[in-house]
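Survey of secondary and tertiary structure
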Amino acid sequence: MIKNKSLAVKLMLIFSSATVAVFLVIFGFNYATARKIIERNTRTQAELIVQSAVFRIEGVLRPVMTSVGSLAGFMSEGVPAQDRILRMLRDTVANTPEIFGSAAAFEPYNYLPGRKFFAPYCYRDGGKFRNSWLDGSDYEYFLQDWYQIPVELEKPVWSEPYYDEGGGNILMATYSFPFRNPVLKARVDGVVTADVSLERLTRIVSGIKILKTGYAVLVSKSGTFVTHPNTQLIMNESVFSLAEAAGNAPLRELGRRMIAGETGFSLINTATHGSCWVYYAPIPANGWSIALFFPRGELMADISRLNRETMFLSALGLLVLVFVILCISRSITRPLAAMSAAAELIGSGDFDAPVPAPETEDEIGRLAGTLRYMQNELKEHIRRLTETTAAKQRFESELNIARDIQLSFLPKLFPPFPDNHHFDIYALIQSAKEVGGDLYDFQMLDEDHVFFVIGDVTGKGVPAALFMAVTKTLLKVTATKNVSPEQVLAEVNDDLSEGNEKAMFVTTFIGTLNIRTGDIIYSNGGHNTPLVIRADGTASYLEPLEGMVVGVMKGMTFRKATLKLNPGDMLFLYTDGVTEATGPGNELYGEARLLADLQGVSARPIKEIVHGVLGRLIAFSNGDQADDITMLLLKYYGPEHPREIERTNNILR
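Residues numbered from 1 in each chain as written. Predicted model: local features only at pLDDT ≥ 70, side-chain atom pairs only at ≥ 80, totals over all residues. Heavy atoms only, no water.

**Some words on the pairing of strand β6 (residues 171-179)**
The two faces of the sheet receive side chains in turn, since in a regular strand these alternate between them. For β6, a buried count of 8 out of 9 residues is recorded, marking the element as mostly surrounded by other parts of the structure. Pairing of strand β4 (residues 157-158) with β6 involves 2 bridges; the strand directions are antiparallel. Looking at β6, one finds that V157 is bridged to S176. Sheet topology note: the strand β5 (residues 162-163)/β6 ladder contains 2 bridges and is antiparallel. Paired with Y162 across the strands is M172, a residue of β6. As paired elements, β6 and strand β7 (residues 190-197) share 8 bridges and run antiparallel to each other. Note on β7: the bridge partner recorded for F177 is V192. (Buried < 20%, exposed > 50% of the residue type's maximum accessible area, 1.4 Å probe, protein only. Helix = DSSP H or I, 4+ residues; strand = E, 2+ residues; numbered from the N terminus. Pairing = 2+ DSSP bridges.)

Put into structure tokens, the structure is as follows:
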């Protein structure tokens, strides 16, 4: 298949095919045009030759016809004496060289009442003129065609050609002219004739030279050959007999047109010369026809030879063209192949692969320059990408370190207070990025109070982590001052807002649990409202406690509220990464779904409750976490219900 061939082969095939197609079209057009020109010139030449021949033949026949006509006129003036008739016949023969002999034949008993036949005849005999009589008892002249036909037609006629055996033994034709003597008062009183030798006509026609093998023929009114290069056909064959023998219908049609006196130019096949162009025209004097035969092969010989030479030169030129195309194609495809190999090496990662240098200013040169530019750009891009990747890896490593440091700030051991049987606490943080801004913390302020906090710093990444670390530290330090939660938030807010040029802030919920009474004093800095899960399994949100986010503006005040936990009650704290988790169709997890998930879980271990919520969040968001998720669950056991009892029950379950 050509599509699998090289570009050089494709170019060679395409250009060669196009060249051959163009050449064949031009060659065919030239051949057809040349043939038309030759045919037109042949016809013109034939017309001139035939006109000349007809003129010369007419020059032979017309004087004969004039002399015989004059003789007939003489015979019509009266009944001349025998001597005068003989003298007139002699003068007619003598004055007209083309006439071999002349006769004056009268109707029987018309010249002399007692004489049936009267037909004196004068003819040439060498250089002399002799008289004879055609009225012998063995030759009834009035029954001959030369006599009867003009008498019946009452007009002069030429006879068919014939051999005058016993006379001149030459090919002759007789021109017969009827006359009517007013004295005799007959329809036709006789016929005067002139026997004409056809030798001169034969010489005229035979003298016509047509190419090397062409020829001319003269046929009579019946189509009989009067002249022909093949003398065997003269007076023995006709156009129709040859056509019948050869089964040549076009030749038969040609003969029909010739004896009909038509002029034409046609192409026929002959037995001796093959295909021939034939021009034919009548001879007005006697109604015969002359035809010129131009062998088509001979006519087209020059153009055929020219065509062969043209074909040879064209084939030679085509070979040269193919060689040139191959050279040009290779000069084009060689650098392309080198560039293709270089492109493959570059594509495989070898950016130092040699690329051909641009040697020209054409498309190939520009392509080589472009490939070199692409190679350099790729090398530079790969270099920058390598550096960027290394930097990113270093950054990711640093982020992981920062994440570890961040997590190290948060309590990770649970239960955090294994010796305290009045409460338990469990917390979990899962960052959306390597370093998040959520935080949780708890600590014992004294033997009866535990401080807990959950928060969410705006933004993500290292800045949020640093802000979270500062916030956690400030909250922890401030909470140890034995002040109420709203005062803790107020002091931390003032500290964070100091020099906070990036206007970062944190939402936070803090509280203090009296492990003896179950009372909680809490304050909210713009954070999500926690839920309380009662020991009977019911869960509900706390009454909203409005408060500003922490760290935005110095001097802000916060409110506090109280909550009573009974033994077995729990307080669930979370960040917005829980309720704003998105599921299919960007649907939010929402507070209602969280509330429903926490109904009836009071009997479960607090760790199981937190991880249960986390599992449902992951399933809801199909693992696509968009924000940090932080949860803290505080369970109060009361002063009379040590936690060991539940632990023992959990172990037993």
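**Points about a nonpolar patch on the surface**
The grouping of F312, L313, L316, L319, V320, F323, V324, I328 and I332 at the surface amounts to a nonpolar patch, some 890 Å² of accessible area in total. Mapping I332 onto the fold places it in helix α8 (residues 301-347). (Patch = residues over 30% accessible without salt bridge, like charges linked within 9 Å, V, L, I, M, F, W, Y side chains within 5 Å. Areas by Shrake-Rupley, 256 points an atom, 1.4 Å probe, with all protein chains shown as cover. Salt bridge = Lys/Arg side-chain N within 4 Å of Asp/Glu carboxyl O.)

**Comments concerning the packing of helix α9 (residues 363-409) against helix α10 (residues 462-479)**
It is the contact of α9 with α10, at a shortest axis distance of 11 Å, that shows an interaxial angle of 20°. By the angle between their axes, α9 is roughly parallel relative to α10. Considering only the axes of α9 and α10, their crossing is left-handed. Across from L399, Q406 and F409 in α9, the residues of α10 making contact are V462, A465, M468, A469 and K472. The residue inventory of the contact of α9 with α10, partitioned by class, reads 6 nonpolar, 1 polar and 1 charged. (Axes fitted to C-alpha atoms, helices over the stretch in contact; angles between N-to-C directions. Parallel < 35°, antiparallel > 145°, perpendicular 65-115°, else oblique. Left-handed = near helix turned anticlockwise from the far one by under 90°. Contact = heavy atoms within 4.5 Å. Nonpolar A, V, L, I, M, F, W, Y, C, P; charged D, E, K, R; others polar.)

**What to know about the sheet that holds strand β18 (residues 531-533)**
Pairing is antiparallel across the open sheet formed by 5 strands, whose spatial order is β13-β22-β21-β18-β19. The sheet is open, and its two borders are formed by β13 (423-430) and β19 (539-541), each paired with just one other strand. Strand-to-strand twist across the sheet, computed as the mean angle between neighbouring axes with direction ignored, equals 15°. The sheet contact formed by β18 and β19 spans 3 bridges and is antiparallel. Paired with L531 across the two strands is Y541, which belongs to β19. In this fold helix α13 (residues 590-597) packs onto β18, β19 and β21 (570-574), with an angle of close to 150° to the strand it touches most, β19. Against the sheet, helix α14 (residues 606-620) contacts β13, β21 and β22 (629-636), and its axis sits at roughly 25° relative to β13.

**Things to note about the side chain of T579**
Take T579: it is sitting in helix α12 (residues 576-579). Leave out the neighbours within four places in its chain, and T579 touches N528, Y574, L588, Y589, G590, E591 and L594.

**Brief notes about the pairing of strand β8 (residues 215-219)**
Among the 5 residues of β8, 5 are classified as buried, and the element is accordingly described as predominantly covered. Where β8 meets strand β12 (residues 289-295), 5 bridges bridge the pair, whose relative direction is antiparallel. Bridge pairing in β12 links Y215 to F293. In this structure, β8 lies alongside strand β9 (residues 225-227), joined through 2 bridges in antiparallel fashion. Counted as the bridge partner of L218 is T227 from β9. With antiparallel pairing between neighbouring strands as the criterion, β8 and β9 make up a hairpin whose turn holds 5 residues, including G223 at a positive phi of roughly 90°.

**What about the confidence of the model for the chain?**
With 95% of its residues at a pLDDT of 70 or more, the chain has an overall mean of 87. Considering each helix and strand of the chain separately, the mean pLDDT is smallest for helix α15 (residues 643-652), with a value of 53, and largest for β21, with 97. (pLDDT = per-residue confidence, 0-100.)

**Quick look at the sheet that holds strand β15 (residues 449-457)**
One open sheet holds the 5 strands; their spatial order is β14-β15-β16-β17-β20, and the pairing between them is antiparallel. In this open sheet, the two edge strands, each paired with only one partner strand, are β14 (438-444) and β20 (560-564). Neighbouring strand axes in the sheet, compared pairwise and without regard to direction, differ in orientation by 15° on average. Two strands pair when backbone bridges link them, and β14 and β15 are joined in this way by 7 bridges, in the antiparallel orientation. Each bridged residue has a counterpart across the sheet, and for D441 the counterpart in β15 is V453.

**A look at the layout of surface pockets**
Considering only enclosed or pocket space, the largest pocket measures out at about 900 Å³ in volume. Lining the largest pocket are 37 residues; nearest its centre among them are W146, S159, Y162, T174 and D195. Those elements giving two or more residues to the lining of the largest pocket turn out to be β1 (99-106), β2 (120-125), β3 (128-133), α3 (145-153), β4, β6 and β7. With 5 residues, the top contributor of residues to the lining of the largest pocket is α3. Grouping the amino acids of the lining of the largest pocket by side-chain chemistry returns 20 nonpolar, 10 polar and 7 charged. By volume, the second largest pocket amounts to about 360 Å³. In terms of lining, the second largest pocket is formed by 21 residues, of which the most central are H228, L242, L251, T270 and A271. Looking at the lining of the second largest pocket, the elements with two or more residues in it are β8, α5 (239-246), α6 (249-259) and β10 (264-270). (1 Å grid on protein atoms, 1.4 Å probe; cavity = no way out; pocket = protein on both sides within 12 Å on 5 of 7 lines; lining within 4 Å. Points joined across faces, edges and corners; volume = space filled by probe spheres on them.)

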